[in-house]
Amino acid sequence: MNGTRRVHPRLRGAVAGLAATLAMFGLADVLARAFSPSAAPLLTLGQAIIPLAPPAAIKPVIALFGDNDKLVLVLSTGFGALVLAGLIGAVAASRRRLGMGLLLIAGLVPLAVIILRPEAGALDVIPTLVGLAVGIAVFALLLRLGGFAISAEAAHRPVDDAEDTAVPDDPAEAADRPDSEPDSESGPAPGSRTPNPLSRRRFFGLAGAVGTIGAVTIAVGQTVASLAQDAGAAVAKLVLPTPAKRAAAIPAAASTDVEGTVPFVTEAADFYRIDTVLAPPVIDPEQWSLRIHGMVEEEVTLTMDDVLDLPLEEHHITLTCVSNPVGGDLVGNATWLGYPVRDLLARARPNSQADMVLSHSFDGFTASTPIGALTDDRAALLAVGMNGEPLTPIHGFPARLVVPGLYGFVSATKWVTELEVTRFDEKTAYWTDRGWDAKAPILVASRIEVPKPLAKVPAGDIRVGGTAWAQRAGIDRVEVKLDDGEWTQADLAEEVTIDTWRQWRADFAEVEPGTHTLTVRATDKDGTVQTAKRRDSIPNSATGHHHIQFRVE
Ligand SMILES: Nc1nc2c(c(=O)[nH]1)N[C@H]1C(S)=C(S)[C@@H](COP(=O)(O)O)O[C@H]1N2
Ligand SMILES: [Mo]
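A brief structural summary.

What about the packing of aromatic side chains?
Taken as a whole and judged by the stated rule, the model has seven aromatic pairs. Measuring from centroid to centroid gives 5.5 Å for Trp431 and Trp436, while their planes differ by 70°, and the two rings are edge-to-face. Judged by its relative accessible area of 6%, Trp431 falls in the buried class. Looking at Trp436, the relative accessible area reads 3%, which means it is buried. Between Lys481 and the ring centre of Trp487, over which it is positioned, the NZ or CZ distance is 4.8 Å.

Spelled out as structure tokens, the structure:
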């Protein structure tokens, strides 16, 4: 028997595997959304991969896809599962029992991941179990309809479509069949196949329909779930009190008038999102509490009512991610409402030997913050509000930390549930265990927002603009350079606080047609000039000057 005869049976087997897997994920997804949303197998699998993924792979994905990293992860998990299913299906074309067994074993993986989650409930396995049973049944049925023999002897002689014994009831199909597989130059041994296998067209039609229904179900489920998430009843339960201390109003002069620059205040919907959860936990504020423990004189636990009864303060603070590439947008500025962590810690009376607070999230994430940054005069907050609204689930509802001057991964714990007072030589945080620094103050940075890279700009006078930040120090100066010219000082918008970003703009007269490069650098009020040295984001942020090219015509 020559090799080409195997192509079609293997393809059929692979298609059967793909269709069965899509059916399994689709059904399990629908059931999970109805009964236990956090137990959807695709989501749970993707979530399980996150802490296992090598840091060297995670940060570039974040840098490349930013907020879409979740989608990329779910899609790659799904893609991986499909590739595996296709291979198993191809195996099943010649060894049906082995193929079925492999599919079952592969299906046990999401089941195991679901059971092993710390928050797993007894009913969580049901969606995946039902999905798996149906997926296996679909696989078996498609293999049978595809004409794969059960006996080991026959397994070596897969059926060719041209020899189908089924009586076609569709003339077009009948016409389609006799010459459809020119590679079937020799006939199969008598008795070597299941009776009445479907024609090629029907088989692929059926498998395609099953697979499509599964895929559409998954896509619709994901979309519905992400739309439903922000409008949770939990969020409606939290009514923010009037701040005891309001932040100063933001002056108009905090913004330059350069069209196309990013607004001074970032709306929650536009705020960058970085975290290790696929679906943000939706926490009932009535169930939430914050426990302050560890090296303290007195353990303290606060409920949400306790927090809302405290005199809350509003502060404008710019939050920054260590993974932000030079010129990137993993940075946002908001008005946060919360209670100073300093005063919370004072209630628990930390031991003087403690030098770190390990904040724990509901989802298991941790951040290590120097205790000094939480007790000095900066506005380190247990925040419950963002721009006048409760936090959104994505940004940490019902409570998170916001600490001026430190990258988010060592300070800005969302869905925060515990403050553990400890020492850097005793405990390490989530990203520190994955190669990042234990402490990470924000470095002075600046970016060009206008013109956009590769923009076409009319010749003549050109206005450029962007944003710079150096939380805790404040921005002192921003300089821009056209091509190889001199550094020229940009005009700065009014400073709101040293912990907020600052917009800048500059004008260049009579710029000649052609391709030009624009470069920016900032200097903070301590005199630190943004370094030109290029460096990757691990272990404590990328550096280098942001530059863009644009065309004058
Ligand atoms: N629970 C939890 N909190 C977290 C993270 C996380 O992965 N899990 N990521 C941190 C990082 S790396 C950053 S930069 C900020 C981002 O906050 P945002 O998503 O609200 O912009 O949240 C921090 N808080
Ligand atoms: Mo981050």
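Having put the structure on the table, let's press on.
Let's talk about the site of ligand 1
Close contacts around ligand 1 come from 19 residues, with Tyr272, Thr276, His395, Arg400 and Lys414 the closest. At a separation of 2.9 Å, a nitrogen atom of ligand 1 approaches a polar side-chain atom of Asp363. Between ligand 1 and Arg400, the relevant distance is 2.7 Å, taken from an oxygen atom to a side-chain nitrogen or oxygen of the residue. Here ligand 1 has 530 Å² of accessible area as a free molecule, and 100% of this is covered by the chains. When the residues that make up the shell around ligand 1 are grouped by side-chain class, the tally is nine nonpolar, five polar and five charged.

Observations regarding the pattern of salt bridges
Under the definition given, this model contains 24 salt bridges. We note a salt bridge from Asp275 to Lys414, for which the minimum N-O separation is 2.9 Å. Highlighted residues: Asp275 in the loop between α10 (233-237) and β1 (289-294) and Lys414 in the loop between β9 (400-402) and β10 (416-422), separated in sequence by 139 residues. For the pair formed by Asp275 and Lys414, the shared burial category is buried. Arg423 is paired through a salt bridge with Asp425; the nearest N and O atoms lie 3.0 Å apart. A network of salt bridges, in which partner residues are shared, links Asp257, Arg463, Asp491, Arg505 and Asp507.

So, a nonpolar patch on the surface
Judged by side-chain polarity, Leu123, Ile126, Val130 and Val134 come together as a nonpolar surface patch covering roughly 320 Å² of accessible area. For Ile126, a relative accessible area of 40% gives the class partly exposed.

A word on the nonpolar core
Counting residues in each nonpolar core, the largest one holds 89 residues, and the members touching the most others are Ile292, Trp336 and Leu382. Not counting residues within four places of it along the chain, the set of residues in contact with Ile292 comprises Glu299, Val300, Leu302, Leu344, Leu345, Ala348, Leu419 and Val421. Ranked by size, the runner-up nonpolar core spans 22 residues in total, among them Val478, Val480, Ile548 and Phe550.

Topic: the sheet that holds strand β17 (residues 502-511)
Spatially, β11-β13-β17-β16 is the arrangement adopted by the four strands of the open sheet, whose pairing is antiparallel. Two strands close off the open sheet at either side, each with one partner strand: β11 (445-450) and β16 (491-492). Judged from the two bridges that link them, β16 and β17 form a sheet pairing that is antiparallel. The partner of Asp491 across the bridge, within β17, is Arg505.

A look at unusual backbone geometry
Phe397 connects to Pro398 through a cis peptide bond whose omega is 5°. Assignment of secondary structure puts Pro398 in the loop between β8 (389-390) and β9. The amide bond that connects Val450 to the next residue, Pro451, takes the cis arrangement and shows omega of 0°. Assignment of secondary structure puts Pro451 in the loop between β11 and β12 (456-457). Backbone geometry places Leu454, a non-glycine residue, at a positive phi of 65°. Along the polypeptide, Leu454 turns up in the loop between β11 and β12. Look at Asp483: it is not a glycine, yet its phi comes out positive at around 50°. Summarising the element assignment, Asp483 is placed in the loop between β14 (475-482) and β15 (488-489).

Quick look at the pairing of strand β7 (residues 381-386)
With six of six residues buried, β7 lies mostly within the body of the structure. Sheet topology note: the strand β4 (residues 331-340)/β7 ladder contains five bridges and is antiparallel. Looking across to β7, one finds that Tyr339 is bridged to Leu382. In the sheet, β7 pairs with β9 via three bridges, with the strands oriented antiparallel. Of the residues in β9, the one forming a bridge with Leu381 is Val402. Pairing of β7 with β8 involves two bridges; the strand directions are antiparallel. Of the residues in β8, the one forming a bridge with Gly385 is Pro390. Two successive antiparallel strands, β7 and β8, enclose a turn made up of two residues, where Asn387 displays a positive phi of approximately 55°.

What about the packing of helix α5 (residues 96-116) against helix α6 (residues 125-145)?
Axis separation between α5 and α6 bottoms out at 10 Å; the angle between their running directions is 165°. Accordingly, the angle class assigned to the pair α5 and α6 is roughly antiparallel. The two elements α5 and α6 cross, and the hand of that crossing is right-handed. For the pair α5 and α6, contact is made by Arg96, Gly99, Met100, Leu103, Leu104, Gly107, Leu108, Pro110, Leu111, Ile114 and Ile115 and by Val125, Thr128, Leu129, Leu132, Ile136, Phe139, Ala140, Leu143 and Arg144, respectively. Across the contact of α5 with α6, the residue classes tally to 15 nonpolar, three polar and two charged.

Procedures and definitions
- Residues numbered from 1 in each chain as written.
- Chains lettered and ligands numbered in written order.
- Predicted model: local features only at pLDDT ≥ 70, side-chain atom pairs only at ≥ 80, totals over all residues.
- Heavy atoms only, no water.
- Phe/Tyr/Trp six-rings, centres within 6.5 Å; stacked < 30°, edge-to-face > 60°.
- Buried < 20%, exposed > 50% of the residue type's maximum accessible area, 1.4 Å probe, protein only.
- Lys NZ or Arg CZ within 6 Å of the ring centre and 35° of its normal.
- Near = heavy atom within 4 Å.
- Polar contact = N/O pair within 3.5 Å; in protein donor to acceptor, adjacent residues only side chain to side chain.
- Areas by Shrake-Rupley, 256 points an atom, 1.4 Å probe, with all protein chains shown as cover.
- Nonpolar A, V, L, I, M, F, W, Y, C, P; charged D, E, K, R; others polar.
- Salt bridge = Lys/Arg side-chain N within 4 Å of Asp/Glu carboxyl O.
- Helix = DSSP H or I, 4+ residues; strand = E, 2+ residues; numbered from the N terminus.
- Patch = residues over 30% accessible without salt bridge, like charges linked within 9 Å, V, L, I, M, F, W, Y side chains within 5 Å.
- Core = buried A, V, L, I, M, F, W, Y, C linked by side-chain atoms within 4.5 Å.
- Contact = heavy atoms within 4.5 Å.
- Pairing = 2+ DSSP bridges.
- Axes fitted to C-alpha atoms, helices over the stretch in contact; angles between N-to-C directions.
- Parallel < 35°, antiparallel > 145°, perpendicular 65-115°, else oblique.
- Left-handed = near helix turned anticlockwise from the far one by under 90°.

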